[in-house]
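Architecture at a glance
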Amino acid sequence: MSEARLAPNLPDWMVQHANRYLSSGGTDGHMYTVTPPGRQEMTVPSLLLTTTGRKSGERYIFPLFYGDVGKGWVIVASKGGAPEHPGWYRNILANPEVEVQVGTLKTKAKARTVSGEERARLWQQALEFWPPYADYQQKTEREIPVVVLDPIE
């Protein structure tokens, strides 16, 4: 399997954040401080998700905000409210086995899209750690997927 690398076409701030996270082994970058447009500064937990490209077979790293759920983590496939799903989400639909780094913890996990009551509950949790998700949902006609990463023990 190829060595994982940052996903292409990430915005500069994500590249800088992910590089800091990677170069520190997760001691710097796990908690990310940002001021979203029109909002106050907030500090959000972030993880690094490594997926396998559905077309290329290459391994790509994506920095994402997350919340804790059970022994795993909840992430949101918002892409800032774009009309299409983010590449990482399309990758996990093709291959749900991923790698996750949360701070200094690195583990394998299985990604699953949630629905119904579980989605509603986890969407509310996601709005607590990153309120702009509500704005992103307003911008798009697609229902933004909510994903749980369950660690593989």
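Preceding this section is the structure that the text describes.
Scope of this entry: the structure provided in the associated data block. Keep in mind that this is a model prediction, so the values were computed, not measured. (Residues numbered from 1 in each chain as written. Predicted model: local features only at pLDDT ≥ 70, side-chain atom pairs only at ≥ 80, totals over all residues. Heavy atoms only, no water.)

A look at the overall build of the protein chain
Helix and strand content of the protein chain: four helices and nine strands. Each helix (α) and strand (β) of the protein chain, taken in turn from the N terminus, gives the series β-α-β-β-β-β-β-α-β-β-α-α-β. What you see for the protein chain is a C-alpha radius of gyration of 15 Å, in line with the 15 Å of a compact globule of 153 residues. With respect to the principal axes defined by its C-alpha atoms, the protein chain has extents near 40 × 30 × 30 Å. Put simply, the protein chain has 153 residues, and 48% of those count as buried. Accessible surface, the protein chain: about 8100 Å² in total, of which carbon and sulfur atoms supply 49%. Each charge class in the protein chain can be summarised by its mean position, and for the 17 positive and 17 negative side chains these summaries are 4 Å apart. (Helix = DSSP H or I, 4+ residues; strand = E, 2+ residues; numbered from the N terminus. Rg over C-alpha atoms; globule rule 2.2 N^0.38 Å. Buried < 20%, exposed > 50% of the residue type's maximum accessible area, 1.4 Å probe, protein only. Areas by Shrake-Rupley, 256 points an atom, 1.4 Å probe, with all protein chains shown as cover. Lys, Arg positive; Asp, Glu negative; His and termini not counted. Charge placed at Lys NZ, Arg CZ, Asp CG, Glu CD.)

Regarding the nonpolar core
Counting residues in hydrophobic clusters, the biggest one holds 27 residues, and the most contacted among them are Leu 47, Leu 49, Ile 75, Trp 88, Val 100, Val 147 and Leu 149. Among the elements that make up this core, the one with the highest residue count is strand β4 (residues 59–65) (four residues). Every residue in contact with Leu 149, bar those within four places of it in the chain, is listed here: Leu 47, Leu 49, Gly 72, Trp 73, Ile 75, Val 98, Val 100, Ala 109, Lys 110 and Ala 111. Counting 20 residues, the second-largest nonpolar core is a separate cluster that includes Val 44, Val 114, Leu 127 and Trp 130. (Core = buried A, V, L, I, M, F, W, Y, C linked by side-chain atoms within 4.5 Å. Contact = heavy atoms within 4.5 Å.)

Some remarks on the pairing of β4
Across the seven residues that make up β4, a large majority, seven, are buried. Going residue by residue along β4, you find Arg 59, Ile 61, Pro 63 and Phe 65 tucked away on one face and Tyr 60, Phe 62 and Leu 64 tucked away on the opposite face as well. For strand β3 (residues 42–52) and β4, the ladder comprises seven bridges, and the chain directions are antiparallel. Residue pairing across strands places Leu 47 opposite Leu 64, the latter belonging to β4. The loop that links β3 with its antiparallel partner β4 comprises six residues; one of these, Gly 57, has a positive phi angle of about 75°. (Pairing = 2+ DSSP bridges.)

Focus on the pairing of strand β6 (residues 72–76)
In terms of residue burial, β6 counts as a mostly covered element, since five of its five residues are buried. Pairing of strand β5 (residues 67–69) with β6 involves three bridges; the strand directions are antiparallel. Of the residues in β6, the one forming a bridge with Asp 68 is Trp 73. In this antiparallel pair of consecutive strands, β5 and β6, the connection spans two residues, and Gly 70 shows a positive phi of 60°. The pairing of β6 with strand β9 (residues 146–151) spans four bridges and is antiparallel. Counterpart to Ile 75 in the pairing with β9 is Val 147.

A few points about the environment of Val 74
Within the secondary structure layout, Val 74 lies in strand β6. In the structure, Val 74 is positioned 76 residues away from Asp 150 in sequence and 9.0 Å away in space, judged by C-alpha atoms. Residue contacts for Val 74: discarding those within four places in its chain leaves Phe 65, Tyr 66, Gly 67, Val 69, Leu 122, Gln 125, Phe 129, Val 146 and Val 147.

What about the pattern of salt bridges?
With the rule as written, the count across this model stands at nine salt bridges. Among the salt bridges present, the one from Asp 135 reaches Arg 39, with a minimum N-O distance of 2.9 Å. With Asp 135 in helix α4 (residues 132–139) and Arg 39 in the loop between β2 (31–34) and β3, the pair connects residues that are 96 residues apart, well separated along the chain. Residue classification places Arg 39 among the partly exposed residues on the basis of a relative accessible area of 30%. (Salt bridge = Lys/Arg side-chain N within 4 Å of Asp/Glu carboxyl O.)

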